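# Tertiary structure, described
Spelled out from the first residue to the last, the chains are:
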Amino acid sequence: QAQVVESGGGLVQAGGSLRLSCATSGNIFKINAVGWYRQAPGKQRELVARITSDNSTNYAESVKGRFTISGANALNPVFLQMNSLKPEDTAVYLCNANVVLTSRYSFSYWGQGTQVTVSS
């Protein structure tokens, strides 16, 4: 089993910055990839940014140049630096970790999410 916990959300004015953190704990052998997703009211969940164990990253077009995903050693924790925030970035941000457990079975784990609100 593993657990994922996000932190760092909050209320910020447009143009401001926030840094989100995603920490994974439990019977972890390896973390293969971590993704940040967001879900706004009435909208589908969307991938914001993702990083893999070989440091490969990809971003949604809407956040390229403004958000940066990075990982500490072994992708734990993983950070999402969000700059030049816009009201349309307002959403619950959720972290997803693709984890290989010590049993060598792989699972995908979600955190509870952290609210990001950008005021205009």
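Summary of the structure given here. (Residues numbered from 1 in each chain as written. Predicted model: local features only at pLDDT ≥ 70, side-chain atom pairs only at ≥ 80, totals over all residues. Heavy atoms only, no water.)

Take the environment of Y109 next. Inspection of the secondary structure assignment puts Y109 in strand 10 (residues 106-110). For Y109 and V34, which are 75 residues apart along the polypeptide, the C-alpha to C-alpha distance reads 9.6 Å. (Helix = DSSP H or I, 4+ residues; strand = E, 2+ residues; numbered from the N terminus.)

Mapped onto the secondary structure, I28 falls in strand 4 (residues 28-39). Expressed as a C-alpha distance, the spacing of I28 and L101, which sit 73 residues apart in the sequence, is 4.5 Å. Here I28 is in contact with A2, N76, V99, V100 and T102, once residues within four sequence places are set aside. (Contact = heavy atoms within 4.5 Å.)

Take the side chain of R38 next. Here R38 shows up in strand 4. Side chain to side chain, R38 and S62 meet in a polar contact 3.3 Å long. Ignoring any residue separated from it by four or fewer positions in sequence, one finds R38 in contact with Q44, R45, E46, V48, S62, V63, F67, D89, A91, V92 and Y93. (Polar contact = N/O pair within 3.5 Å; in protein donor to acceptor, adjacent residues only side chain to side chain.)

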